[in-house]
Amino acid sequence: FENVLSSHFQFCYSESMPMPRFSSRWTGILWVVLACLCQGCAAHQRGAVLYSPPSLLPHTTSEMRTAGFWISRHPDSDTVILSSEEITRFNQKIREELKLTKDLSAWPSVMSGEELRVTLQKTLDGLQARGLRLLDGKKPSSAYWSGARQAMNIGAIPVGIPRQYGLIVRYADQRFLPFEEGLYAQAYDEDFDELQNSALDIGTLVVIVHRSLDGQWLWAGSSSSAGWVKAKNVAVTTEDQVKPFWSTPFVIVTVPKGDIYLNRAMTEFAGSLQMGARLPLMRFDGDYAEITVPRRQSDGSAALVPGFIAAADIHEGYLPYTPRQILLQAFKMLDQPYGWGGMYQAQDCSRFLQEVFATVGIELPRDSKNQIQVGTRLIEWEAGAPTADKTLVLTDFAIGGITILGMKGHILLYLGTIDGRVYAVHSVWAYREPEHGGDKTFVLNRVVVSDLSLGEGSKRGSLLDRLNAVKIVR
């Protein structure tokens, strides 16, 4: 027993510190402690032992972790890729031709109830067919699924649903079911809750479509996603109240998190905004800006009140769309934590890109499979395409800062190619390396700079092996 404990505590003690010794009278208590420690580890293991990565990822240098390094290598970092008018048309194409986002101002005055019933039932059936598990690994019972359908209140959906707008009043998770309890692909995989669809910032406009049976959840659609949001996080608005959130002047958050306050002294904290979030601007006053913030009143209706945010955290209007600006914004996010579907007010790979491009006014879709449909197609590859061919195409034709690299389940922002190695910045949870016939998993859990050989030799292959599509966002 002491050997087992000593083995565990070696992670906590340095070589210069004496190892603890344990008397027999503490053995029972220590067994309980050890059991708890082991359970804590298992909750994060995803079926394998996880390792900490090196401080610098393979084939990277400390200089590569700066925007300036890549800007200095760029052939024309200050070229305006799209004007504001061109960005408007670009976003319109995403909405109207690709149908990957929605214009909430054009939402019908009455929505078909049947359309919503089909959508909710399809979501429920799709989740059930995936064989997801509860956190402890148990399979949800038939009572769970019938309870889920009952909670969704499908039977109460009317023939026609009148349009009703709302504003998000605090950072809100958006769920596939009106439950806080999650479902998972693997037991104890708590950071990957498959019921998490997205997350919405303060000031996000939504259309409120339906209520859960208990009234605690609202099924609401934003411009890029739809799902269940806690009712306490949404304020019901009049159509006049939402107009300022579509108009100018406005500010865009240009830092990973911009804190907002409800008083000029900036002591009454009201929440944080993610990069790319937009709120109406009232005025600048020295080191802060006065903005319009939605609050939820006791009856659920919206009140628009003054809020305050540091001027250094925002930009009036959108930034110009140049490679320099995208690189600067992306590198502000370096080392920010990974968050599946926006969990923990963090960002996964697609939300990272969504936030960065939002600062220049580009409205990317929410998930990676849709994002890679946006922009000008450079090339697509079939599975097994030679990595040398991929490197050659990227070296000759990809443009740093405005090229996105897509593969199944992941998306990255291209930086450049150095000595035959392709580099990107991306938000990633982990990567694998081969070891003794298996894979060794290194947990990154953050935004990183890496080359695309990451994962080379593992069962899944390297990022470059898996790369199948390249788009230039223009």
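Residues numbered from 1 in each chain as written. Predicted model: local features only at pLDDT ≥ 70, side-chain atom pairs only at ≥ 80, totals over all residues. Heavy atoms only, no water.

Novice: Any chance you could explain the overall build of the protein here in plain terms?
Specialist: Assigned secondary structure in the protein consists of 12 helices and 23 strands. Here the protein holds 474 residues, and 50% of them are scored as buried. Counting contacts in the protein only where the partners sit at least 6 residues apart, residues at least 24 apart contribute 68% of the total. With the model as given, the accessible surface of the protein reaches about 22300 Å², and the carbon-plus-sulfur share is 51%. (Helix = DSSP H or I, 4+ residues; strand = E, 2+ residues; numbered from the N terminus. Buried < 20%, exposed > 50% of the residue type's maximum accessible area, 1.4 Å probe, protein only. Contact = heavy atoms within 4.5 Å. Areas by Shrake-Rupley, 256 points an atom, 1.4 Å probe, with all protein chains shown as cover.)

Novice: Would you mind showing me how to read the packing of aromatic side chains here?
Specialist: Under the defined criterion, the tally for this structure stands at 14 aromatic pairs. Taking the centre distance of 6.0 Å and the plane angle of 65° together, the rings of Tyr-261 and Phe-269 count as edge-to-face. A residue is classified by how much of its surface remains accessible, and Tyr-261, at 17% relative accessible area, is buried. A cation over a ring is seen here: Arg-278 above Phe-250, with NZ or CZ 3.6 Å from the ring centre. Seen from the ring of Tyr-51, Lys-440 lies directly overhead, with NZ or CZ sitting 4.4 Å from the centre. (Phe/Tyr/Trp six-rings, centres within 6.5 Å; stacked < 30°, edge-to-face > 60°. Lys NZ or Arg CZ within 6 Å of the ring centre and 35° of its normal.)

Novice: Hey, could you run me through the pairing of strand 23 (residues 469-472) in this one?
Specialist: Note on strand geometry: in a regular strand, side chains alternate between the two faces of the sheet. Burial of strand 23 is two-sided: the residues Ala-469 and Lys-471 facing one way and the residues Val-470 and Ile-472 facing the other way are all buried. Note: strand 19 (residues 403-407) against strand 23, 4 bridges, orientation antiparallel. Residue pairing in the sheet places Ile-404 in a bridge with Lys-471 of strand 23. (Pairing = 2+ DSSP bridges.)

Novice: Please explain a positive patch on the surface as it appears in this structure.
Specialist: On the surface, Arg-170, Arg-211, Lys-232, Arg-295 and Arg-296 cluster together into a positively charged patch. Along the chain, the position of Arg-170 falls in the loop between strand 4 (165-168) and strand 5 (172-175). Assessed through its relative accessible area of 40%, Arg-170 is described here as partly exposed. (Patch = residues over 30% accessible without salt bridge, like charges linked within 9 Å, V, L, I, M, F, W, Y side chains within 5 Å. Salt bridge = Lys/Arg side-chain N within 4 Å of Asp/Glu carboxyl O. Lys, Arg positive; Asp, Glu negative; His and termini not counted. Charge placed at Lys NZ, Arg CZ, Asp CG, Glu CD.)

Novice: Would you explain helix 4 (residues 84-96) in this entry?
Specialist: Given 3.6 residues per helical turn, the α-helix brings residues three or four places apart onto the same face. With 13 residues, helix 4 extends 18 Å between its outermost C-alpha atoms, agreeing within 8% with the 18 Å of an ideal straight helix rising 1.5 Å per residue. Of all the residues in helix 4, the buried ones are Ile-87, Phe-90, Asn-91 and Ile-94. One side of helix 4 holds all its buried residues, which, seen down the axis, span an arc of 95°. (Expected span 1.5 Å × (residues − 1). Arc of directions from axis to C-beta.)

Novice: I tried to follow the sheet that holds strand 11 (residues 250-253) on my own but got confused; where do I start?
Specialist: Either a parallel or an antiparallel arrangement is found when strands of a sheet pair, and the pairing is made through backbone hydrogen bonds. The strand order 13-12-16-15-14-11-17 describes an open sheet built from 7 strands, whose pairing is antiparallel. Where the open sheet ends on each side, the last strands, each with one partner, are strand 13 (269-274) and strand 17 (314-316). Direction aside, neighbouring strands of the sheet carry axes that sit 45° apart on average. As paired elements, strand 11 and strand 17 share 3 bridges and run antiparallel to each other. Its bridge partner being in strand 17, Ile-252 is matched across the sheet by His-315. (Axes fitted to C-alpha atoms, helices over the stretch in contact; angles between N-to-C directions.)

Novice: Is there a simple way to explain the environment of Thr-292 in this structure?
Specialist: Structurally, Thr-292 is set in strand 15 (residues 288-296). Classification of Thr-292 as buried rests on a relative accessible area of 13%. In this structure the C-alpha to C-alpha distance between Thr-292 and Phe-245, which are 47 residues apart in sequence, comes to 8.8 Å. Sequence-distant contacts of Thr-292, that is, excluding residues within four places in its chain, are made with Phe-245, Leu-279, Pro-280, Met-282, Leu-304 and Val-305.

Novice: Is there a simple way to explain the packing of helix 5 (residues 113-129) against helix 6 (residues 142-151) in this structure?
Specialist: Describing two packed helices takes the angle between their axes plus the distance from one axis to the other. Interaxial distance between helix 5 and helix 6 falls to 11 Å at its minimum, and their mutual angle equals 160°. Classified by the angle between their axes, helix 5 and helix 6 sit roughly antiparallel to one another. Both helix 5 and helix 6 take part in a crossing whose hand is right-handed. Residues Gln-121, Leu-124, Leu-127 and Gln-128 of helix 5 form the contact with helix 6, whose participating residues are Trp-145, Ala-148 and Arg-149. Here the contact of helix 5 with helix 6 is composed, by residue class, of 4 nonpolar, 2 polar and 1 charged. (Parallel < 35°, antiparallel > 145°, perpendicular 65-115°, else oblique. Left-handed = near helix turned anticlockwise from the far one by under 90°. Nonpolar A, V, L, I, M, F, W, Y, C, P; charged D, E, K, R; others polar.)

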